[in-house]
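Geometric and topological summary
Each chain, written out:
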Amino acid sequence: MTASLSPSHRSVDPCMTDHRSQESDGSRSLAVVADRRLLHLVAPEGQLQVYTAPYRGSFSVVLSQALRAAGLGSRVLVAQFLKGGVDQGPDGRVRLCGRLEWLRPAVPGCLSEPASTLAVDSSAPEAVEAIWHECRDRIMASDLDQMVLDEVGLAIALGYLDEADVLSTLEQRPGSMDVILTGSVMPSILMAMADQVTELRRGF
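A short tour of the structure in this document, coming up.

Before going further, it helps to spend a moment on the side chain of Arg 138. Along the chain, Arg 138 turns up in helix 3 (residues 124–141). Residue Arg 138 is classed as buried on the basis of its relative accessible area of 12%. When sequence neighbours within four positions are dropped, the list of residues in contact with Arg 138 reads Leu 77, Arg 93, Glu 101, Asp 143, Leu 144, Met 147 and Met 177.

Let us now look at the pattern of salt bridges. Any two side chains of opposite charge can pair, so long as their charged atoms come close to each other. The final tally for this structure, using the stated rule, is 10 salt bridges. A salt bridge links Arg 95 to Glu 101, with the shortest nitrogen-to-oxygen separation between them at 3.7 Å. You can call Arg 95 exposed: its relative accessible area is 54%. Glu 101 sits in the buried class, given a relative accessible area of 8%. As a salt-bridge pair, Glu 134 and Arg 138 come within 3.7 Å of each other at their nearest N and O atoms. One end of the pair, Glu 134, and the other, Arg 138, are both in helix 3, 4 residues apart, so they sit about a helical turn from each other.

As a packed pair, helix 3 and helix 5 (residues 163–171) sit with axes 10 Å apart at the nearest point and diverge in direction by 20 degrees. For the element pair helix 3 / helix 5, the angle class is roughly parallel. Viewed along their axes, helix 3 and helix 5 form a crossing whose handedness is left-handed. Listed contacts from helix 5 to Trp 132, Arg 136, Ile 139 and Met 140 of helix 3 are Asp 165, Val 166, Thr 169 and Leu 170.

Parameters at a glance
Residues numbered from 1 in each chain as written. Predicted model: local features only at pLDDT ≥ 70, side-chain atom pairs only at ≥ 80, totals over all residues. Heavy atoms only, no water. Helix = DSSP H or I, 4+ residues; strand = E, 2+ residues; numbered from the N terminus. Buried < 20%, exposed > 50% of the residue type's maximum accessible area, 1.4 Å probe, protein only. Contact = heavy atoms within 4.5 Å. Salt bridge = Lys/Arg side-chain N within 4 Å of Asp/Glu carboxyl O. Axes fitted to C-alpha atoms, helices over the stretch in contact; angles between N-to-C directions. Parallel < 35°, antiparallel > 145°, perpendicular 65-115°, else oblique. Left-handed = near helix turned anticlockwise from the far one by under 90°.

Put into structure tokens, the structure is as follows:
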């Protein structure tokens, strides 16, 4: 003999209860939303930036930005092609904030004369070229977030760097890397390919 359950002991489907209560107060359950594809974030896009001025020693703001970027976690390389006096070279790089590498050529002082006027036994052209080779290798390796090529325009104008080589390398730069060029002079072809050009002036 099976005992029948009284109404107070019968199991009640909670979903049915919710449905009935919604009907009684006039509310409706939310419609089921179909699965949607996940949002794809846009990949970071680097820029080629040019800072130029009619005088030397005017790009401290660029170096400050590079130091700040490294402090916030970016991988940064700063190469000063015509500043010497600290006997660095590629093997004597200085590291700051853990993520900023600073390169200078192994020359006794700052360079301001054309490479063609230097003594035959001068090692300055090779020292500047060694810094550029390091920069070129790092661009191709795509292992940086930002690279600053300080006075690269003047280094080209003075004959220490080959303009075609610099142009070809920059055309192959990784899409996510910011490359900043500075110089009191800048080849027009590099100005034309820049995403941003900033001109610093005196007296304004």
